[in-house]
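One letter stands for each residue in the lines below.
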Amino acid sequence: MRNLYLFLLLIPFSFAFGQNIAQNGGMENWTDGVLDVWTSEDGTVITQESTIVSEGSSAAKFQVITATQGNTDFRQNVAVEIGKTYEITVDVYQLDNASKTRIYGTDWGTYSDPALVGEWQTISYEFTASETGSVPVGLRFYDEADVFDAEVGAFVIIDNYTVTCLDCATTSPEIFISSPSEGEVLAAGTTETTVEFVVNNFVVGTDGHVHYSLNDGEAQMLYSTDAFTLSGLTSGSHTLNMWLVDGDHNALDPEASATVNFSIPGQNEVSSIAELRAGATDGSIYTLTSEAIITMQQDFRGQKWIQDSTGAILIDDNAGLITTAYNQYDGVSGLQGTISVFRGLMQFIPTADTGVVTSTGNEVMPVVVTVEELNANITAYESQLIKIENVSTDATGDWNAGTNYDFMQTGSAENLIVRTNFYDADYIGTALPEGTVHLVGIASRFNDDAQIFPRDSEDIIDNLSVRNPNFNTALVKVAVANGELNVAGFEAKDIAIYNTNGQLVGSSKAVGSLPVGTYIAVMRNAEGQVVNVKFIKK
């Protein structure tokens with residue numbers, strides 16, 4: 001981070017109502033061409049603008065030169081008071097539509113409209129301070145992917161950044177709970193927690209005292225503002241109410257009260273990835289007692305993709321808690337973590353390094369799906385190893401890392417997004433395929449858009465190298481008799497049975513134990529020829 005002018009520690013706390021507590025919000029003060037007070041990242045270039053200004057004699061002109069949003073933050077710290085509401089406003093002038101900006105005020109706020117080019121727009125955002133002290137405020141810049149060119153950059157002018165307190169002038173008694181915070185999720189297994197609170201315009205012990213209750217239980221009394229402990233907590237949701245009372249235990253009029261909701265997640269064991277995926281995203285800890293196979297892993301964020309016969313999930317270990325070394329196709333049992341969702345994709349976040357290798361060298365056959373099936377039901381396939389046959393692209397040149405490519409499947413009108421998610425894959429820098437290929441990879445998603453991530457060059461299969469052009473798959477017939485799958489017209493070396501949700505339910509011709517329904521048999525012969533045939537179990 002570039003510290004453009006560091007005297008933030010010298011700024012006194014000021015809670016004056018109506019005053020702009022942001023320093024140099026008018027972008028008027030510069031030293032040797034560098035904007036005073038504010039800090040910025042290397043993803044933007046900031047210059048003084050004196051022609052297009054909203055107020056005063058200068059503004060700040062930003063050139064956004066990166067699509068990495070986290071490298072564009074523009075910040076300073078301001079002094080706030082717990083429980084008070086603050087409004088941030090900023091004037092934005094889009095010189096083009098290739099980027100937009102977003103307010104930050106302890107959390108993410110409002111975006112500018114990139115379509116309003118050549119005119120000033122004012123955006124605003126309100127937040128309530130959860131603590132008394134110094135908190136960050138500022139902006140972040142976002143590229144508009146369809147039109148952004150990092151070599152040219154995108155240009156935005158910023159002026160008149162204000163942070164004002166909307167309710168700092170009150171003289172009425174107030175109480176605020178600073179810990180636990182609203183919506184806080186305490187660690188699984190927590191049985192007690194410390195409560196900290198602040199009282200304004202009221203002397204506890206002289207003007208009256210404090211009452212509190214947990215989960216609408218019996219009121220308890222406090223005669224100081226010292227922190228206290230809630231004990232005997234169990235997993236689940238909890239509500240703490242606190243209010244000020246007079247010497248006769250009567251609530252003040254008007255009421256001065258505060259409420260905070262917090263929760264304690266449970267600890268659970270699940271025996272399949274399907275059960276794991278059905279878990280709650282409330283911080284509950286899950287231990288996967290059964291074995292899951294690692295189909296892919298990379299150093300970035302410690303990511304690993306695991307799969308069993310019921311489904312698959314991405315392990316996102318950005319904290320690096322898993323230090324045990326695993327190999328691709330290891331079977332691992334005892335993995336522990338929480339469930340989250342990021343941009344539509346379910347993730348398993350480790351809480352401990354508990355996984356044990358229980359098998360090695362496993363083979364996972366990708367389920368063959370069509371582009372239509374993947375796009376229509378990505379949730380059923382996400383993080384699984386899949387195969388999409390007979391696809392091609394109009395793109396030319398070499399594969400580039402971190403890039404989306406549009407492929408089309410023969411006979412389909414729908415688009416397949418192929419993303420080079422693995423930056424050190426051996427096909428990066430090699431030529432894009434000409435003609436039709438089969439693609440194997442990890443099924444993924446970006447919000448509602450289905451994607452496939454080829455893992456290495458072996459996942460990009462020349463159509464002719466695996467398929468005899470004279471082979472007629474229509475001649476392959478399957479039927480169920482006496483609990484066995486009979487195959488005609490194909491010598492299957494390997495077989496995998498999937499249900500219509502894309503879940504692996506069998507790996508042999510023995511299908512007698514399967515429920516009645518429709519299934520897909522994915523078979524491979526000794527020459528590597530793969531066919532998938534639908535059959536009905538009655």
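Preceding block: the structure.
Residues numbered from 1 in each chain as written. Predicted model: local features only at pLDDT ≥ 70, side-chain atom pairs only at ≥ 80, totals over all residues. Heavy atoms only, no water.

(A) Layout of the sheet that holds strand S43 (residues 530-537). With antiparallel pairing, the four strands of this open sheet are ordered in space as S41-S40-S42-S43. A strand with exactly one partner marks an edge of an open sheet, and here the two such strands are strand S41 (504-506) and S43. With strand direction ignored, the average angle separating the axes of adjacent strands in the sheet is 35 degrees. Sheet topology note: the strand S40 (residues 494-499)/S41 ladder contains two bridges and is antiparallel. Following the sheet pairing, Tyr498 is matched in S41 by Leu504. (Pairing = 2+ DSSP bridges. Helix = DSSP H or I, 4+ residues; strand = E, 2+ residues; numbered from the N terminus. Axes fitted to C-alpha atoms, helices over the stretch in contact; angles between N-to-C directions.)

(B) Quick peek at the packing of aromatic side chains. Scanning all chains against the criterion turns up 16 aromatic pairs. Taken together, a centroid distance of 6.2 Å and an interplanar angle of 65 degrees make the contact between Phe197 and Phe228 edge-to-face. Here Phe197 is found in strand S16 (residues 193-200), whereas its partner Phe228 is found in strand S19 (residues 228-230), with 31 residues between them in sequence. On the accessibility criterion, Phe197 (6% relative accessible area) is buried. (Phe/Tyr/Trp six-rings, centres within 6.5 Å; stacked < 30°, edge-to-face > 60°. Buried < 20%, exposed > 50% of the residue type's maximum accessible area, 1.4 Å probe, protein only.)

(C) View of the environment of Ala67. Of note, Ala67 is situated in the loop between strand S6 (59-64) and strand S7 (74-80). In sequence terms Ala67 and Gln297 are 230 residues apart; their C-alpha atoms lie 25 Å from each other.

(D) The arrangement of the state of the cysteines in detail. Overall, the coordinates contain one disulfide when judged by the stated rule. Across the disulfide, Cys165 is cross-linked to Cys168 (sulfur-sulfur distance 1.8 Å). On the sign convention where negative means left-handed, the S-S torsion of about 90 degrees between Cys165 and Cys168 marks this disulfide as right-handed. As far as the burial class goes, Cys165 and Cys168 line up, both buried. (Disulfide = S-S within 2.5 Å.)

(E) Highlighting the sheet that holds strand S17 (residues 209-214). Strand order in this open sheet of five strands is S15-S21-S20-S17-S18, and the pairing throughout is mixed. Only two strands of the sheet have a single neighbouring strand rather than two, namely strand S15 (184-185) and strand S18 (220-222). As judged from the two bridges shared by S15 and strand S21 (residues 257-264), these two strands associate in the parallel manner. Residue pairing in the sheet places Glu184 in a bridge with Phe262 of S21.

(F) Representation of the environment of Val530 in the model. The topology assignment puts Val530 in strand S43. Distance from Val530 to Phe490, taken between C-alpha atoms, is 9.8 Å for residues 40 residues apart in sequence.

(G) Up close: the side chain of Thr295. Inspection of the secondary structure assignment puts Thr295 in strand S24 (residues 292-297). Discounting chain neighbours no more than four positions away, the residues touching Thr295 are Trp305, Gln307, Gln328, Tyr329, Val364, Ile442 and Arg455. (Contact = heavy atoms within 4.5 Å.)

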